[in-house]
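In case you want the letters, here they are:
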Amino acid sequence: MIEGQNGLNWSRWQRLVEEAEKLGFAGVFRSDHFTNQQKPDLDSLEMIVSLAYLADHTRSIHFGPLVAPLSFRDPVMLARQATAIDDLSNGRMILGLGAGWQEREHTLFGYHLGDVGERMSRFAEGLEVITRLRKSDEPVSFAGQFFQLHEALLLPRPRRSGGPRIMIGGNGPKRTLPLAARYADIWNAVFISPTDFYERSQQLDRLLTAAGRQPADVKRTAMTAVIFARADAGIERRLTWQRSRPELADLPLPQLIEQMVSKGLALCGNAEQILSQIQLYTQAGAQELMLQWPDLDDIEGLRAFASDVLPHLA
């Protein structure tokens, strides 16, 4: 998983896409932001254009935004774009969707974010619009506060029945999980411990049953960072930014790693340690992990991770 606002441009994206498929990763996901919460502003390759490139230059990996905010992405156009990219890739597109959260980028570019209640209401409407446009072979109408359809039909119809799979990202038990139970094909928890992941997943099971769906109807995934090196010195170097926090400054490395994992902040360590941490998420019910790779230029590290970790995973 790549943070696209952290310097992503064409040369970096092309190299990462090529390496990810060649090295045997299951998928590539990327954020959808104009910029970060604070300066400096860095390159940020546009999400939809980048995924169209990926669709045409790979053959096996699945991919998508993690996640596209419906605060600045129009659901009608996004449904149209995602359906086209899904067809181009022979069904490998996953449309990750969220409510939007980062105030600075909305202010900079003139988009209205709103308070949490407004964001979630807009998100719910956008999910309904996207779902109707994907699944209906007949014209559909919808009259909402934020979005409207009037006998609308997206053509051509998606090759895959129902169009690209919908992934809903977030941990919120009151609004996000009920929306996932209603609309999602995939649920993605974000920076969550294995214990909390299990509890949220059990809640999602109950919500799905109440909605007349089966628990197996929604795939369970999680996103977290990965801090990987083959030796303690490399791990310590990559954790320098965590040492700036007073409560972590003097912790021995094993305890610092334990803190990162138990709080759901990152998988952390060498291959053996990371494989044992992945197992914790597997036991909690996670079927896929999207690992946030922080350094877009660390291709050698990516290769080392693929060599040391991926062969041990199903």
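Residues numbered from 1 in each chain as written. Predicted model: local features only at pLDDT ≥ 70, side-chain atom pairs only at ≥ 80, totals over all residues. Heavy atoms only, no water.

Chemist: Whenever I open this one, helix 10 (residues 271–283) confuses me. Can you help?
Modeler: Each α-helix turn comprises 3.6 residues. Residues three or four places apart therefore point the same way. Counted at 1.5 Å a residue, the expected span for helix 10 with its 13 residues is 18 Å, and the 18 Å between its end C-alpha atoms agrees. What helix 10 keeps buried is the set Ala271, Ile274, Gln277, Ile278 and Tyr281. The buried residues of helix 10 all sit within an arc of 125° when viewed along its axis, so they share a single face. Seen from the open side of helix 10, the exposed residues pointing more than 90 degrees away from its buried face are Glu272 and Gln283. Taken together, the buried residues of helix 10 touch helix 7 (194–210), strand 9 (219–228), helix 9 (253–262), strand 10 (266–269), strand 11 (288–292) and helix 11 (299–308). Where helix 10 begins, one side-chain oxygen reaches toward the backbone nitrogen of Glu272, 3.2 Å away; that side chain belongs to Asn270. Note on helix 10: the residue one or two positions beyond its end, Gly285, has a positive phi of about 110°. (Helix = DSSP H or I, 4+ residues; strand = E, 2+ residues; numbered from the N terminus. Expected span 1.5 Å × (residues − 1). Buried < 20%, exposed > 50% of the residue type's maximum accessible area, 1.4 Å probe, protein only. Arc of directions from axis to C-beta. Contact = heavy atoms within 4.5 Å. Polar contact = N/O pair within 3.5 Å; in protein donor to acceptor, adjacent residues only side chain to side chain.)

Chemist: Help me understand a nonpolar patch on the surface in this model?
Modeler: Together, Leu108, Phe109 and Tyr111 make up an exposed nonpolar region whose accessible area comes to about 290 Å². Positionally, Phe109 belongs in helix 4 (residues 103–109). (Patch = residues over 30% accessible without salt bridge, like charges linked within 9 Å, V, L, I, M, F, W, Y side chains within 5 Å. Areas by Shrake-Rupley, 256 points an atom, 1.4 Å probe, with all protein chains shown as cover. Salt bridge = Lys/Arg side-chain N within 4 Å of Asp/Glu carboxyl O.)

Chemist: Before we go on, may I ask you to explain helix 9 in this structure?
Modeler: Looking at helix 9, one finds that the buried residues are Leu253, Leu256, Ile257, Met260 and Val261. End-on, the buried residues of helix 9 take up no more than an arc of 135°, which puts them together on one face. Here the buried face of helix 9 lies against helix 7, strand 9, helix 8 (232–238), strand 10 and helix 10. Where helix 9 ends, the next residue or the one after it, Gly264, has phi of about 75°, a positive value.

Chemist: So what exactly am I meant to see when it comes to the nonpolar core here?
Modeler: As a rule of thumb, soluble globular proteins bury nonpolar side chains together. Membership of the largest hydrophobic core comes to 73 residues, with the highest contact counts inside it found for Trp13, Leu97, Phe123, Ile168 and Phe305. When neighbours within four sequence positions are excluded, Phe123 is seen to be in contact with Leu70, Leu97, Gly98, Ala99, Ile168 and Leu179. Of all hydrophobic cores here, the second largest spans 13 residues; its members include Leu248, Leu256, Ala266 and Cys268. (Core = buried A, V, L, I, M, F, W, Y, C linked by side-chain atoms within 4.5 Å.)

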